[in-house]
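Below are the chains, spelled out letter by letter.
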Amino acid sequence: MVCIVPRLSVALLALAVMAAPVRAQEPSASHLAAARELMETTAILAPVNDLITSFSEQIRRQNVTRPELVKDLDEVLKTLQPEMQLQRQQITNVVSRTYAKWLSEPELKEVIAFFKSPIGAKYNKVQGDLADDVVNDVQVWTQQASEYLMVRVRAEMGKRGHQMQ
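About the thresholds
Residues numbered from 1 in each chain as written. Predicted model: local features only at pLDDT ≥ 70, side-chain atom pairs only at ≥ 80, totals over all residues. Heavy atoms only, no water. Helix = DSSP H or I, 4+ residues; strand = E, 2+ residues; numbered from the N terminus. Buried < 20%, exposed > 50% of the residue type's maximum accessible area, 1.4 Å probe, protein only. Areas by Shrake-Rupley, 256 points an atom, 1.4 Å probe, with all protein chains shown as cover. Contact = heavy atoms within 4.5 Å. Patch = residues over 30% accessible without salt bridge, like charges linked within 9 Å, V, L, I, M, F, W, Y side chains within 5 Å. Salt bridge = Lys/Arg side-chain N within 4 Å of Asp/Glu carboxyl O. Lys, Arg positive; Asp, Glu negative; His and termini not counted. Charge placed at Lys NZ, Arg CZ, Asp CG, Glu CD. Phe/Tyr/Trp six-rings, centres within 6.5 Å; stacked < 30°, edge-to-face > 60°. Core = buried A, V, L, I, M, F, W, Y, C linked by side-chain atoms within 4.5 Å. Axes fitted to C-alpha atoms, helices over the stretch in contact; angles between N-to-C directions. Parallel < 35°, antiparallel > 145°, perpendicular 65-115°, else oblique. Left-handed = near helix turned anticlockwise from the far one by under 90°. Nonpolar A, V, L, I, M, F, W, Y, C, P; charged D, E, K, R; others polar. pLDDT = per-residue confidence, 0-100.

K.L.:
What's the story with the overall build of the chain in this structure? I'm lost.
P.N.:
When helices and strands are tallied, the chain shows seven helices and zero strands. Counting from the amino terminus, the chain carries its helices and strands in the arrangement α-α-α-α-α-α-α. Going through the 165 residues of the chain one by one, you find that 15% of them count as buried. Accessible area of the chain: about 13,400 Å², with a carbon and sulfur share of 62%.

K.L.:
Even after reading the chapter, I still don't get the side chain of Glu105, so can you show me in this structure?
P.N.:
Checked against the element boundaries, Glu105 lands in helix α6 (residues 105–116). Look past the residues within four positions of Glu105 in its chain and what remains in contact with it is Ser28, Ser30, His31 and Ala34.

K.L.:
Explanation requested: a negative patch on the surface in the structure shown.
P.N.:
Where like charges cluster on the molecular surface, the negative patch consists of Asp129, Asp132, Asp133 and Asp137. By the secondary structure assignment, Asp129 is in helix α7 (residues 118–159).

K.L.:
I would appreciate a short explanation of the packing of aromatic side chains in the present structure.
P.N.:
For any pair of aromatic rings, the description consists of the separation of the ring centres together with the inter-plane angle of the planes. Tallying each qualifying case throughout the model produces two aromatic pairs. For the ring pair Phe114 and Phe115, a centre distance of 5.1 Å and an interplane angle of 70° mean the geometry is edge-to-face. Plain terms: the ring middles of Phe115 and Tyr123 are 6.2 Å apart, the flat faces sit at 45° to each other, and that makes the pair tilted. The exposure class of Phe115 is buried, given its relative accessible area of 14%. Clustering of aromatic rings is evident, with ring pairs tying together Phe114, Phe115 and Tyr123.

K.L.:
Would you mind going over the nonpolar core with me for this structure?
P.N.:
A general tendency of soluble globular proteins is for nonpolar side chains to be buried together. Within the largest apolar cluster, twelve residues are counted, these being Ala34, Ala35, Leu38, Met39, Leu45, Val48, Ile52, Val95, Tyr99, Leu108, Ile112 and Phe115. When residues of this core are traced back to their parent elements, those giving at least two are α2 (29–42), α3 (46–62), α5 (81–102) and α6. When near neighbours in sequence (up to four residues on either side) are disregarded, Ile112 contacts Ala34, Glu37, Leu38 and Thr41.

K.L.:
Explain the packing of α2 against α6 to me, please; I cannot follow it from the model alone.
P.N.:
For any two helices packed against each other, the geometry is given by the interaxial angle and the distance between the axes. One way to put it is that α2 packs onto α6 with a least axis distance of 9 Å and a crossing angle of 25°. When the interaxial angle is binned, α2 and α6 end up roughly parallel. The element α2 and its partner α6 pack so that their crossing is left-handed. Here Ser30, His31, Ala34, Ala35, Glu37, Leu38, Thr41 and Thr42 of α2 lie close against α6, whose contacting residues are Glu105, Leu108, Lys109, Val111, Ile112, Phe115 and Lys116. Taken together, the residues of the contact of α2 with α6 sort by class into seven nonpolar, four polar and four charged.

K.L.:
Help me understand the confidence of the model for the chain in this model?
P.N.:
The pLDDT averaged across the chain works out to 87; a share of 85% of its residues lies at or above 70. Ranking the elements of the chain by mean pLDDT puts helix α1 (residues 4–19) last, at 48, and α6 first, at 97. Low pLDDT, under 50, characterises residues 1–6; the stretch is placed with one contact to residues that sit more than four places away or in other chains. Every residue in residues 8–18 is under pLDDT 50, and counting partners more than four places away or in other chains gives zero contacts.

In structure tokens, the structure reads:
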């Protein structure tokens, strides 16, 4: 009689290994560098600088009722700038890993090349205004489509003998 327990154990172990979640390979330094370059080229994290400034301004506003703190508070905020730059670096590292997760190094380099081309630079320059216009267009369309649908529903319900306001 052939012992099937060891074979079954091996088979179950093999299935467990195959079913185990695959760990993502750590991106290389050059892969992360390409991700950072794309982030810098597109200025995707530019708002982070505004946030850091906003945090400091918020702290100043919260303490406006205590004028005796203003001088010391400004000095403290100034001395903390290097630490805030480390915080900025932290989010840069996190986001660069996210870029590296979704795009291979060659893909990142292609996208960088696009954004460094004249048309890519133009797109990057107008992207904020373009997005604002698209949001406005969608808002106008939403209002018009909503009104159109209500008019049509009222008309169709009227044909069925129902009055809607």
